[in-house]
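Each chain, letter by letter, is given below.
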Amino acid sequence: MEKRLIMVLVVAAAAVTQTRAQDDDFCLWGEVNVEKKISSRVELGVGVEFRSRDDVKETDRWSFGADISYKLTDWLKASAGYTLLDDHRYKLNDSRKKYADYWGLRHRFNVSLTASQQFGNLGISLRERWQYTYRPEKTVDRYWNYTDEDDDRYEGEVADQHTYNGKGKSAWRNRLQLKYKVSKMWRPYFNAESTVSDGLEKIRYAAGTEIRLTKQHWLDVKYIFQKSYGDDDDEGNRHIIGLGYTFKF
């Protein structure tokens, strides 16, 4: 059973990457988390995450986060968290003659309520999350984006400096998840999550499995398809392989 689960994930991911649309991107996401149970109701967590883009040719993001959760009842949990994001950004100006390639920080805060219910080995959960992200003001060098034999400007030469103003943004995220306990070791799952701000920005569909190696060491392997609806991050549609490790104590 365990080998079949892994094979299904690998074959599905390979099939999607071969048949994806020409403009879609393929990415790898990896994360390492540490979770500490303070009491029967309180849990702390910290984690670091890496994301790639452009068919795994470019680093997209590094992030570090911390959160705390409190179990209100047997079926309802509240949580709050903060994440520091360091994004690799590439921007063209309106005339597409100048570009900026730089790293920029963002600060993200979130609060969540998660309702869950167990039906035998099947678990169903619904998470409602509000998040606020602030991008500080950033001044960067911009470069010429074209080569002209009759001009002494060329790609890579500094054209000027440009300041991107600080910007804050709120979003509401909704995630519905089904998880099935196949054995003590294997817990396959499927979830769908939407992100809404001024309108629907993106939906992510994920299929994967948690792998309980020991009581303290957990792995997570998943495939994610992200459908974008024109958010201001210009992410586009993405096919993602995610790998995670969690240490619990």
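Structural data are supplied above this passage.
Since we're looking at a predicted model, the values are computed, not measured. (Residues numbered from 1 in each chain as written. Predicted model: local features only at pLDDT ≥ 70, side-chain atom pairs only at ≥ 80, totals over all residues. Heavy atoms only, no water.)

Trainee: Sorry if this is basic, but what is going on with the pattern of salt bridges here?
Mentor: Side chains bearing opposite charge may pair, as long as their charged atoms lie close to each other. By the definition in use, this model includes 13 salt bridges. A salt bridge links Glu210 to Lys179; the shortest N-O distance between them is 3.0 Å. Placement of the pair is Glu210 in strand E11 (residues 200–212) and Lys179 in strand E9 (residues 167–180), with a sequence separation of 31 residues. A salt bridge links Lys222 to Asp220; the nearest nitrogen and oxygen atoms lie 3.8 Å apart. By relative accessible area, Asp220 is classed as buried at 16%. Three or more residues are tied together by salt bridges with common partners; here these are Arg53, Asp54, Asp60 and Arg238. (Salt bridge = Lys/Arg side-chain N within 4 Å of Asp/Glu carboxyl O. Helix = DSSP H or I, 4+ residues; strand = E, 2+ residues; numbered from the N terminus. Buried < 20%, exposed > 50% of the residue type's maximum accessible area, 1.4 Å probe, protein only.)

Trainee: Help me understand a positive patch on the surface, please; the structure alone is not making it clear to me.
Mentor: On the surface, Lys37, Arg41, Lys71, Lys77 and Lys215 cluster together into a patch of positive charge. The class of Lys71 is partly exposed, set by a relative accessible area of 34%. (Patch = residues over 30% accessible without salt bridge, like charges linked within 9 Å, V, L, I, M, F, W, Y side chains within 5 Å. Areas by Shrake-Rupley, 256 points an atom, 1.4 Å probe, with all protein chains shown as cover. Lys, Arg positive; Asp, Glu negative; His and termini not counted. Charge placed at Lys NZ, Arg CZ, Asp CG, Glu CD.)

Trainee: In this structure, what is going on with the environment of Gly208? I would like to understand it.
Mentor: Assignment of secondary structure puts Gly208 in strand E11. On the accessibility criterion, Gly208 (7% relative accessible area) is buried. With 16 residues separating them along the chain, Gly208 and Ile224 place their C-alpha atoms 8.5 Å apart.

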